[in-house]
Amino acid sequence: MKKVIVFGGSGFLGSYVADELTRKNYDVTIADINKSDYIQNNQKFESINILDIESIIELIKDADVVYNFVAIANLDAAIHDPINTISINVIGNLNILEACRRNGNIKRFIYASSAYALSNEGSFYGISKQSSEKLTEEYYKRYGLKYTVIRYGSLYGERASHNNYIYNLLYDAIHSGELLYKGDGEDLREYIHAADAAKLSVDILEDDQYENEHIILTGMEKLKRIELLTMINEIMQNKLSIKQISDDNMGHYRITPYTFHPTTAKKLVANPYIDLGQGLLECIQEIHKESK
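Residues numbered from 1 in each chain as written. Predicted model: local features only at pLDDT ≥ 70, side-chain atom pairs only at ≥ 80, totals over all residues. Heavy atoms only, no water.

Trainee: Before we move on, could you go through the pairing of strand E6 (residues 147-152) and cite the residues and values that matter?
Mentor: Residues in a regular strand project their side chains so that they alternate between the two faces of the sheet. Summarising burial for E6: six of the six residues are buried, a large majority. A two-sided burial pattern is seen for E6, the buried positions comprising Tyr147, Val149 and Arg151 on one face and Thr148, Ile150 and Tyr152 on the other. Summarising the sheet, strand E5 (residues 108-114) and E6 pair through six bridges and their orientation is parallel. The residue of E6 that forms the bridge with Tyr111 is Val149. For the segment spanning E5, helix H5 (residues 123-143) and E6, crossover handedness is right-handed. Pairing between E6 and strand E11 (residues 213-217): five bridges, direction parallel. (Buried < 20%, exposed > 50% of the residue type's maximum accessible area, 1.4 Å probe, protein only. Helix = DSSP H or I, 4+ residues; strand = E, 2+ residues; numbered from the N terminus. Pairing = 2+ DSSP bridges. Right-handed = clockwise from strand over helix to strand, strands pointing away.)

Shown next as structure tokens:
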């Protein structure tokens, strides 16, 4: 049984991946600041600060595989707090890479990146993801640390929090009766449920073709933002008001996050996958339950 350390395994996507690893009989240790309610009895938990490299070295000394999901993930928060964003997203990841190098026996390091890593949009968040990708690649070139970089698209799911765009939409809709948006609503996204992304994030361990590769995980269908809002409104029996609050959507891309760079990535999609309408309904039900 391979031992896997999931940094950020208490978080939104990390918790789904930890559960998928457990389902596939990996020995899972979740490393995070706080312990979440999603941690299973057969999963270990270690409270850790990824800025403390000595603690990381000690934690992963017997590990075979390491995932890193720890990040300042909210784009707006990253724009307004660049120092913390770079500290957590870049220096934190560098500490984990260095600990893996010193271990010498890590079979694969998996870095949770973003579509913004190859974009001129995304501000400090995009910069931090691109920087950490480059560091991950360099650790393979210099030290032979095998890796997979996964660039996640627009995620949603029942375990999301205020760091997640769709969660905030649904939360505000339930509590204020309004769906607010910036820009003209014509920007496109390919939403993927975190459970689908988690399955694919574990599948890559069992296939050598994904070693030292960059993988893109997005949904199957393109959806305009205004169409997403309309779908949510219909699910809520058209009782919501949809309002534009600004013409500007600073830092966010319109149709594609990608800006030309000389590197490429393979795209991996879930099949079968969770229907967006069904997934949104489950998210709404979960937020209702939390509110009560």
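Trainee: Can you explain the packing of aromatic side chains? Please cite residues and give values.
Mentor: Taken as a whole, this structure holds seven aromatic pairs when the rule is applied. Taken together, a centroid distance of 6.4 Å and an interplanar angle of 45° make the contact between Phe69 and Tyr152 tilted. Taken as a pair, Phe69 in the loop between strand E4 (65-68) and helix H3 (75-80) and Tyr152 in strand E6 lie far apart in primary sequence, 83 residues in all. Given the relative accessible area of 5%, Tyr152 is considered buried. An aromatic cluster of at least three residues, connected via ring pairs, comprises Tyr67, Phe69 and Tyr152. Between Arg101 and the ring centre of Tyr143, over which it is positioned, the NZ or CZ distance is 4.6 Å. Over the ring of Tyr38 we find Arg159; its NZ or CZ atom is 4.5 Å from the centre of that ring. (Phe/Tyr/Trp six-rings, centres within 6.5 Å; stacked < 30°, edge-to-face > 60°. Lys NZ or Arg CZ within 6 Å of the ring centre and 35° of its normal.)

Trainee: Give a description of helix H6 (residues 165-176) that names residues and reports values.
Mentor: Helix length check: H6 (12 residues) gives 16 Å between terminal C-alpha atoms against 16 Å at 1.5 Å per residue, within 8%. Taken residue by residue, H6 has Ile166, Tyr167, Leu169, Leu170, Ala173 and Ile174 as its buried positions. Taken around the axis of H6, the buried residues stretch over an arc of 160°, which confines them to a single face. Where H6 begins, the capping side chain belongs to Asn164, and its oxygen is found 3.2 Å from the backbone nitrogen of Ile166. Count one or two residues on from H6 and you reach Gly177, which has phi positive near 75°. (Expected span 1.5 Å × (residues − 1). Arc of directions from axis to C-beta. Polar contact = N/O pair within 3.5 Å; in protein donor to acceptor, adjacent residues only side chain to side chain.)

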